Amino acid sequence: MDLRHAAFLLLLSCSAYSYRFRSRAGNVEDPEQAWERLKTENGDEVAETLVPRSFWDESENGSTPQAKQVREYQAISALENKKKDFKPEIGARPLPDWAREMLLETASDSMETDTFATEMARPQLVEILCHVDRIYVRMKKSFFKTSNAHRYLKFGTCRVNQATKDHYYFLYLLTADCGFKKMSTADYRYVGNVLTYKPTTPVLREMPFDIPMQCKFPRFFRSFSAGFYPILKGGTVYRSLNPESSFTLTSQDALGLEITGAQSYSLGQTMYFQAKEFTYYEEVFAEVAAEQRIYINQCFMTAFRNPTSNPKYTVIDNYGCMVDGMMTDKSKFLSDPSQTALRFSVAAVIFKEMISTSSSSQQLYMHCDVSMGPLTPTESSKTCNYDQATKAWKELYGSDSVCTCCDSTCPSAKPKSSRNVISSHAWKINLSNNGKFHPRMKSSADSSLADSRKAVHADFLKYWGEDQRKSVKF
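Values in this document were obtained by computation on a predicted structure and should not be read as measured data. (Residues numbered from 1 in each chain as written. Predicted model: local features only at pLDDT ≥ 70, side-chain atom pairs only at ≥ 80, totals over all residues. Heavy atoms only, no water.)

The next point concerns the overall build of the protein chain. Each helix and strand counted, the protein chain has eight helices and 25 strands in total. Within the protein chain, the fraction of its 474 residues that count as buried is 36%. Long-range contacts, defined here as pairs at least 24 residues apart, represent 66% of the contacts in the protein chain between residues at least 6 apart. With an accessible surface of roughly 29,400 Å², the protein chain has 54% of that area assigned to carbon and sulfur atoms. (Helix = DSSP H or I, 4+ residues; strand = E, 2+ residues; numbered from the N terminus. Buried < 20%, exposed > 50% of the residue type's maximum accessible area, 1.4 Å probe, protein only. Contact = heavy atoms within 4.5 Å. Areas by Shrake-Rupley, 256 points an atom, 1.4 Å probe, with all protein chains shown as cover.)

Following this line, the structure appears as structure tokens:
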């Protein structure tokens, strides 16, 4: 019998059941071990394992109970799936006859098990194993006359991905792009593919072939179970201690004391904040906390409580760069004696587009993305201030070299989905009538800009005589 005629018989013998729904993640293990394990599991499942359950029959003398042998589970057709008979309703009614027969049914004869075991033990040129999430196929190397036959052997569109001394293997999940053909009926779900051998060499040493292969998965089951039997095992179970923690962002005064109640500032006035990690069971986790430090990745102001609202103004960015410090020296990180707390100051600002002639103040919020990081600062966890005198970035706790990326893009140490965004209470910036600022609200940024311009023109002004200055009128 040639391979083409054997294909039909192979299709019948290779159609397999996979009753138990389970899934494994990770890489495929040794092909022989994977094959034998899956073969054993499928053999047990198709055999409808006989197990003792707590259905007790009285013995002949009525004294010694014996466990009744029942199926662990049984595949059934869609016509036998009569779940509507168990629909909840008011009152009571007799148990349906089919249900009584099902519950009293004993395990079937073991001939099916013996037949399956005999079929599995018989040497096969091509074999297939079916599981709920994968299909394994192997073919004997001895059929081929060349050592490179695997180059022309395919299962659908997938190539041989494992090999041993005796077999070529196709070990693929059903999610793989192998061109699996899937079909469903009322009783079964079918998954199939074609094993092909099509050498492209000028001469042939074996005839090309196409072998259809198919797995058949029952759609409905009856499960026979009397309960769970726990197995107590001794030993020590180790569990990592992950302390509950949260972060807070509070307003402070210049001395580091928390400000309670309503907060009000003038434009350009220095505002102080502290980001802190509050850890439960501080004594227990003191050793863990000693190895980390709190960092502020980003901070920005909004006119509304929602951090995603607009407009917004960023004061800290790029994973720890005080970018507002480039505008005013009032914005900077401040050292804190605690590794779980970090203070910083910023100059009070307002949003120009939200100035209203009907309001004498503007309400703002501060939002910060914080995280715990290593004691030694890195490009992803740092506290960098901008030194306006030297036009350079300075790290508060470590080497300034980690701040060099503040002028470009610093790397992230965590995904955006793990951000810890905390928000402060609202504060107000006082304005005068008609939306104009009080004279005392002059921005320090304007003062520093005027001073810098004065320094640029210093050589010119010394030649501008006193008499000439007096003669100028505006």
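Below, the discussion takes up the nonpolar core. Within the largest apolar cluster, 30 residues are counted, with the highest numbers of intra-cluster contacts made by Ile296, Phe344, Met366, Cys368 and Trp427. Listed by contribution, the elements that provide at least two residues to this core are strand E14 (245-252), strand E16 (270-279), strand E17 (292-302), strand E18 (312-316), strand E20 (341-347), strand E21 (361-374) and strand E25 (427-430). The next biggest cluster of nonpolar side chains, apart from the first, holds 27 residues, and it includes Cys130, Ala149, Cys178 and Phe180. (Core = buried A, V, L, I, M, F, W, Y, C linked by side-chain atoms within 4.5 Å.)

What the rule picks out here adds up to four salt bridges. Residues Asp133 and Arg134 are paired through a salt bridge, measuring 2.9 Å at the closest nitrogen-oxygen approach. The same class applies to Asp133 and to Arg134, which are both buried. The partner of Lys394 in a salt bridge is Asp400, with the nearest N and O atoms 3.9 Å apart. (Salt bridge = Lys/Arg side-chain N within 4 Å of Asp/Glu carboxyl O.)

Quick look at the packing of aromatic side chains now. This model, assessed by the stated rule, comprises 11 aromatic pairs. Ring geometry for Phe155 and Phe180: centres 6.0 Å apart, planes at 70°, overall edge-to-face. Taken together, the residues Phe155 in strand E6 (residues 153-155) and Phe180 in the loop between strand E9 (167-173) and strand E10 (181-184) connect sequence positions 25 residues apart. Residue classification places Phe155 among the buried residues on the basis of a relative accessible area of 2%. With a centroid separation of 5.5 Å and 20° between ring planes, the pair formed by Phe273 and Phe344 is classed as stacked. Of this pair, Phe273 sits in strand E16 while Phe344 sits in strand E20; the two residues are 71 residues apart in sequence, bridging distant segments of the chain. A connected cluster of aromatic rings, assembled from ring pairs, spans Phe143, Phe144, Tyr168, Tyr197 and Phe209. Lys216 extends its terminal NZ or CZ atom over the ring of Tyr188, reaching a point 4.5 Å from the ring centre. Positioned over the ring face of Phe300 is Lys312, at 4.6 Å from the centre of the ring. (Phe/Tyr/Trp six-rings, centres within 6.5 Å; stacked < 30°, edge-to-face > 60°. Lys NZ or Arg CZ within 6 Å of the ring centre and 35° of its normal.)

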